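# Coordinate inspection notes
Each chain, letter by letter, is given below.
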Amino acid sequence: MNEDLTQLLKDVTVRKMQIKSALEQFRRMQENTGRIYRKEIDFLLDRLNALNDYEKELNKLK
């Protein structure tokens, strides 16, 4: 069980890094094109918040 929990935490960390990278890409695209990607950014921020909540719950189980 502990190994499974550790793997889940690693997976959450990787996913959070992927989302942060995507957010950075949208930031750069906004700077370069002047286009606003509000819907896409809001979606990614919602996912990031959900992952943060999930990570907190997993840490409580640890």
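Reference entry: report on the structure contained in this document. (Residues numbered from 1 in each chain as written. Predicted model: local features only at pLDDT ≥ 70, side-chain atom pairs only at ≥ 80, totals over all residues. Heavy atoms only, no water.)

The next thing to look at is the packing of helix H1 (residues 2–33) against helix H2 (residues 38–61). Put simply, H1 and H2 touch, their axes get as near as 10 Å, and they point 160° apart. Taken together, the axes of H1 and H2 lie roughly antiparallel to each other. The chirality of how H1 crosses H2 is left-handed. For the contact of H1 with H2, a count of residues per class yields 16 nonpolar, 4 polar and 7 charged. (Axes fitted to C-alpha atoms, helices over the stretch in contact; angles between N-to-C directions. Helix = DSSP H or I, 4+ residues; strand = E, 2+ residues; numbered from the N terminus. Parallel < 35°, antiparallel > 145°, perpendicular 65-115°, else oblique. Left-handed = near helix turned anticlockwise from the far one by under 90°. Nonpolar A, V, L, I, M, F, W, Y, C, P; charged D, E, K, R; others polar.)

Counting 13 residues, the largest nonpolar core has Ile19, Leu23, Phe26, Ile41, Leu44 and Leu58 as its most contacted members. Secondary structure elements with two or more residues in this core: H1 and H2. It is H1 that provides the largest number of residues to this core, a total of 7 residues. In contact with Leu44, other than residues within four places in its own chain, are Ile19, Ala22, Leu23 and Phe26. (Core = buried A, V, L, I, M, F, W, Y, C linked by side-chain atoms within 4.5 Å. Buried < 20%, exposed > 50% of the residue type's maximum accessible area, 1.4 Å probe, protein only. Contact = heavy atoms within 4.5 Å.)

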